[in-house]
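Each chain, written out:
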Amino acid sequence: MLQLDSAADISPELAVAAADTLTAAGQRSDAIRLLRRILRQHPADSDLQLTLAELLWNDGQRSAALAACWQAFDCSDQTPRLKTLAATLVSLHTTAGRSTELLETLRTRSSRADMDAVSLRQTLLLAEAAGAADIARACRIALRDASDSTFEDRLSAAAHAAATSDFQQATELLRQLDSQPRSPAEIARIAVCAAEIPPALLTDWSPAPETARQLQLERLRVLDQKLQQKNWQPA
């Protein structure tokens, strides 16, 4: 049996599993105490923070649960994980009747002058989840121009520009991405995004040879898909 008072040296993974076991046995308070003890050694572990947030929420400790969920969010930097946590934060704030507080926090965060790419990405994804379009737009522009933004950040900005018919901006971003050496997977993703732009609006951009080839293949794939859909429509 796990001794809670001497559990500070167990791994975060084992702590989460132990907390699940304790909760299933009706010992939620012990599970919370265990996770808080392990978090002193691993404060940046988002899985520990999120597990603690869930236990605290189910224990009726909503403010503490929100604080733990914020910690999990702030400790994360990967887009898929951030999207999940952003949706969770929005859901918890809404359920707790604290949506206004969330928007105020977003505005405070977005007004900071020292935001790096990770902070901008976090705020952007949370603003999108919360439906705060003005904050999301400002963060997207700042992230697009940040010196430490990633390929994923800039491609996402290009895709958003194309989806909102800002084809000039989308083309310029894709041109910038295509001007650097890219992996085959990155080239394919540039081509998929470029295929969303009308060909007549791409005349000022001369893609790298492999990008041009992938773009042609993507256009053919989209055309074939449309023809197949048309053929399946009832007469």
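Going by the structure above, here's the rest.
I will try to describe carefully the structure that is included in this document. (Residues numbered from 1 in each chain as written. Predicted model: local features only at pLDDT ≥ 70, side-chain atom pairs only at ≥ 80, totals over all residues. Heavy atoms only, no water.)

## Focus: unusual backbone geometry
In the Ramachandran plot, Ser165 falls in the positive-phi region, its phi being about 65° despite a non-glycine side chain. Along the polypeptide, Ser165 turns up in the loop between helix H9 (151–163) and helix H10 (167–178). What makes Ser165 exposed here is its relative accessible area of 51%. (Helix = DSSP H or I, 4+ residues; strand = E, 2+ residues; numbered from the N terminus. Buried < 20%, exposed > 50% of the residue type's maximum accessible area, 1.4 Å probe, protein only.)

## A few points about the layout of surface pockets
By volume, the largest pocket amounts to about 250 Å³. Around the largest pocket, the lining comprises 14 residues; the ones closest to its centre are Thr79, Lys83, Leu124, Leu125 and Ser156. Secondary structure elements with two or more residues in the lining of the largest pocket: helix H5 (79–95), helix H7 (117–130), helix H8 (133–145) and H9. (1 Å grid on protein atoms, 1.4 Å probe; cavity = no way out; pocket = protein on both sides within 12 Å on 5 of 7 lines; lining within 4 Å. Points joined across faces, edges and corners; volume = space filled by probe spheres on them.)

## Let's talk about the packing of H5 against H7
A pair of packed helices can be characterised by two numbers: the angle between their axes and the separation between those axes. Taken N-terminus to C-terminus, the directions of H5 and H7 make an angle of 45°; their axes are 9 Å apart at the nearest point. Viewed along their axes, H5 and H7 adopt a mutual orientation that is oblique. H5 and H7 meet at a crossing whose hand is right-handed. Between H5 and H7, the residues in contact are Thr79, Leu82, Lys83, Ala86, Ala87, Leu89 and Val90 and Arg121, Gln122, Leu125, Leu126, Ala129 and Ala130, respectively. Taken together, the residues that form the contact of H5 with H7 break down as 9 nonpolar, 2 polar and 2 charged. (Axes fitted to C-alpha atoms, helices over the stretch in contact; angles between N-to-C directions. Parallel < 35°, antiparallel > 145°, perpendicular 65-115°, else oblique. Left-handed = near helix turned anticlockwise from the far one by under 90°. Contact = heavy atoms within 4.5 Å. Nonpolar A, V, L, I, M, F, W, Y, C, P; charged D, E, K, R; others polar.)

## So, helix H3 (residues 46–58)
Taking 1.5 Å per residue, 13 residues should reach 18 Å; H3 reaches 18 Å between its end C-alpha atoms and fits that length. Along H3, the residues classified as buried are Ser46, Leu48, Gln49, Thr51, Leu52, Ala53, Leu55, Leu56 and Trp57. Along its buried surface, H3 packs onto helix H1 (12–24), helix H2 (28–41), helix H4 (62–74) and H5. N-cap assignment for H3: the residue whose side-chain oxygen lies 3.1 Å from the backbone N of Asp47 is Asp45. Positioned one or two residues after H3, Gly60 has a phi angle of 85°, which is positive. (Expected span 1.5 Å × (residues − 1). Polar contact = N/O pair within 3.5 Å; in protein donor to acceptor, adjacent residues only side chain to side chain.)

## Comments concerning the nonpolar core
Of all hydrophobic cores here, the largest spans 46 residues; its most connected members are Leu35, Leu48, Leu52, Phe73 and Leu126. Elements represented by at least two residues in this core include exactly H1, H2, H3, H4, H5, helix H6 (99–110), H7 and H8. Ranked by residue count, the leading element in this core is H4, at 7 residues. If we skip the residues at most four places from it in the chain, Leu48 touches Pro12, Ala15, Val16, Leu35, Ile38, Leu39 and His42. In terms of nonpolar packing, the next biggest core, distinct from the first, is built from 19 residues, Ala157, Ala162, Ala191 and Leu202 among them. (Core = buried A, V, L, I, M, F, W, Y, C linked by side-chain atoms within 4.5 Å.)

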